[in-house]
Amino acid sequence: MKRFYKIAIISGIALVVIISAIALTVHYRLSAIEGNEQNKNESASQVAKEIVGNLTGNKPNSESSESAAQHAKELNP
């Protein structure tokens, strides 16, 4: 019985470490994305779509696909 509890405790600690690492990774990625943003008037849904796109590798609404006119309009509203 003692062996079972040791395994359960070690597994729990390992799970907490893994979840913490994932949370920190997502936090730093989000901070990097927000730090590079020039447009501060984005809605929460726009930010969420951009985050999902960055995490999945699909970036249909990324700034790199914007035209020069759109980019200039965002910088000088």
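Residues numbered from 1 in each chain as written. Predicted model: local features only at pLDDT ≥ 70, side-chain atom pairs only at ≥ 80, totals over all residues. Heavy atoms only, no water.

### What about the overall build of the chain?
1) Next: Counting its regular elements, the chain contains three helices and zero strands.
2) Next: Starting at the N terminus and walking to the C terminus, you meet the elements of the chain as α-α-α.
3) Next: Within the chain, the fraction of its 77 residues that count as buried is 6%.
4) Next: Summed over its atoms, the accessible surface of the chain is roughly 6600 Å², and 63% of this surface lies on carbon and sulfur atoms. (Helix = DSSP H or I, 4+ residues; strand = E, 2+ residues; numbered from the N terminus. Buried < 20%, exposed > 50% of the residue type's maximum accessible area, 1.4 Å probe, protein only. Areas by Shrake-Rupley, 256 points an atom, 1.4 Å probe, with all protein chains shown as cover.)

### Some details on the packing of aromatic side chains
1) Next: With the rule as written, the count across this model stands at one aromatic pair.
2) Next: Ring geometry for Phe 4 and Tyr 5: centres 5.7 Å apart, planes at 65°, overall edge-to-face.
3) Next: On the basis of relative accessible area, Tyr 5 is assigned to the partly exposed category, the value being 47%. (Phe/Tyr/Trp six-rings, centres within 6.5 Å; stacked < 30°, edge-to-face > 60°.)

### Quick look at helix H2 (residues 44-56)
Residues three or four positions apart in an α-helix share a direction because the helix packs 3.6 residues into each turn.
1) Next: For H2, with 13 residues, the first-to-last C-alpha span of 18 Å sits near the 18 Å given by 1.5 Å per residue.
2) Next: Within two residues after H2, Gly 57 carries a phi angle of roughly 90°, on the positive side. (Expected span 1.5 Å × (residues − 1).)

### Overview of the confidence of the model for the chain
In regions of low pLDDT, the predicted coordinates are not meant to be interpreted in detail.
1) Next: Per-residue pLDDT for the chain averages 78, and the proportion of residues at 70 or more is 65%.
2) Next: The lowest-confidence element of the chain is helix H3 (residues 68-75), averaging 62 in pLDDT; the highest-confidence one is helix H1 (residues 2-36), averaging 90. (pLDDT = per-residue confidence, 0-100.)

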